[in-house]
Amino acid sequence: MSTLAPLRLLREPSNASEGNHSNATVGAGGGWCQGLDIPNELFLALGLVSLVENLLVVAAILKNRNLHSPTYYFICCLAVSDMLVSISNLAEMLFMLLLEHGVLVMRPSIVRHMDSVIDTLICSSVVSSLSFLGVIAVDRYITIFYALRYHSIMTLQRAVVTMASVWLASTVSSTVLIAYYRSNTILLCLIGFFLFMLVLMLVLYIHMFALARHHLHSISSQQKPPTAHRGGSLKGAVTLTILLGVFFICWGPFFFHLILIVTCPTNPFCACFFSYFNLFLILIICNSVIDPLIYAFRSQELRRTLREVVTCSW
């Protein structure tokens, strides 16, 4: 049984027949081209972990008034997006299991309609998650390089407009993607969006990394012993490296898969890469698990509030 319906639609190129795909798989190298048989329990387990983590983040931000700022609102939206990825995945798997075991009996037309609704919800949450990663990068950049003007640049009104725009654009684009998922033009737009986010985060984080490195160099040149500021700069540099690494590892394989669908749909080696599609989906779900650890749980104020939420100290 496959998972993540809108991504399942992109499992193989539409112009590659089953026979061609099978022949290509055999010819490309035998055993290692058979893909990975990932159990449904792993999808469910990761989905539940992501759901709990992100739900705690949302609850903590809503509870603590000190966290009611544009930065934490963006983190909250990222958590909601990741949470929707988990909820949609769990809902789809439950829906498919009920159908397969005959517990739920529905007409084919209704099943297709329900599948399209779940498709749109999952795709929208994936696109919005990717978008808020970029928004958070921009917000951090403004915080560092325009600290004195941050509150005049990133006002609450602009933050609300940004969040509403991301959710609206994600919903519209996901609807179009589900309707025209076999069009190479749509795939190219999706690939272009990912590359834009990757370049945006790369440029911003490299600039911030360079600033942290400059601070370390300045402190070292003054021959001063290690200080808390130096430790903070080094910690910030390491965090930025982790952010870029996790983003590329979790999202890169899936979008490389889309690039191969457009560029070499019938090539034997590309067909072999397609067989690992479920692994790419696992990485995307893992990103929803890792995001709270990077963007939320590193905040001391948020961790304190999370402890209060867990212990029901409202």
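Residues numbered from 1 in each chain as written. Predicted model: local features only at pLDDT ≥ 70, side-chain atom pairs only at ≥ 80, totals over all residues. Heavy atoms only, no water.

What to know about the pattern of salt bridges
Thought 1: Taken as a whole, this structure holds three salt bridges when the rule is applied.
Thought 2: Note that Glu301 is salt-bridged to Arg304, the shortest N-O span being 2.8 Å. Residue Glu301 and its partner Arg304 are located together in helix H12 (residues 300-310), separated by three residues, close to a single helical turn.
Thought 3: Its relative accessible area of 26% is what places Glu301 among the partly exposed residues.
Thought 4: Here Glu308 makes a salt bridge to Arg304, at a shortest N to O gap of 2.7 Å. (Salt bridge = Lys/Arg side-chain N within 4 Å of Asp/Glu carboxyl O. Helix = DSSP H or I, 4+ residues; strand = E, 2+ residues; numbered from the N terminus. Buried < 20%, exposed > 50% of the residue type's maximum accessible area, 1.4 Å probe, protein only.)

Some points on the packing of aromatic side chains
Thought 1: Evaluation of the coordinates by the stated rule reveals nine aromatic pairs.
Thought 2: Through pairs of rings, three or more aromatic residues link up here, namely Phe194, Phe247, Trp251, Phe254, Phe255 and Phe277. (Phe/Tyr/Trp six-rings, centres within 6.5 Å; stacked < 30°, edge-to-face > 60°.)

Looking at the packing of helix H4 (residues 70-100) against helix H11 (residues 277-296)
Thought 1: Two elements in contact, H4 and H11, have axes separated by 10 Å at closest approach and are oriented at 155°. As far as their axial angle goes, H11 and H4 are roughly antiparallel. Where H4 crosses over H11, the handedness of that crossing is left-handed. Contact residues: Ile75, Leu78, Asp82, Val85 and Asn89 in H4; Ile285, Ser288, Asp291, Tyr295 and Ala296 in H11.
Thought 2: Residues that form the contact of H4 with H11 fall into these classes: six nonpolar, two polar and two charged. (Axes fitted to C-alpha atoms, helices over the stretch in contact; angles between N-to-C directions. Parallel < 35°, antiparallel > 145°, perpendicular 65-115°, else oblique. Left-handed = near helix turned anticlockwise from the far one by under 90°. Contact = heavy atoms within 4.5 Å. Nonpolar A, V, L, I, M, F, W, Y, C, P; charged D, E, K, R; others polar.)

Structural notes on a nonpolar patch on the surface
Thought 1: Residues Leu168, Val172, Val176 and Tyr180 make up a contiguous nonpolar surface patch of roughly 400 Å² in combined accessible area.
Thought 2: Its place among the elements puts Val172 in helix H7 (residues 156-179).
Thought 3: With relative accessibility at 47%, the residue Val172 sits in the partly exposed group. (Patch = residues over 30% accessible without salt bridge, like charges linked within 9 Å, V, L, I, M, F, W, Y side chains within 5 Å. Areas by Shrake-Rupley, 256 points an atom, 1.4 Å probe, with all protein chains shown as cover.)

Description of H11
Thought 1: The terminal C-alpha atoms of H11, which comprises 20 residues, lie 29 Å apart, in line with the 28 Å expected from a rise of 1.5 Å per residue.
Thought 2: When you tally the buried positions in H11, you get 16 out of 20 residues, the bulk of the element. (Expected span 1.5 Å × (residues − 1).)

Details of the state of the cysteines
Thought 1: A full pass over the atoms with the stated rule returns one disulfide.
Thought 2: What pairs with Cys264 in a disulfide is Cys270, and their sulfur atoms sit 1.8 Å apart. Negative torsions about the S-S bond denote left-handed disulfides, and the value of about -90° found for Cys264 with Cys270 makes this one left-handed. With respect to class, Cys264 is no different from Cys270; both count as buried.
Thought 3: The closest cysteine sulfur to the non-disulfide-bonded Cys250 is located on Cys286, 6.4 Å from its own sulfur.
Thought 4: Judged by its relative accessible area of 4%, Cys250 is buried. (Disulfide = S-S within 2.5 Å.)

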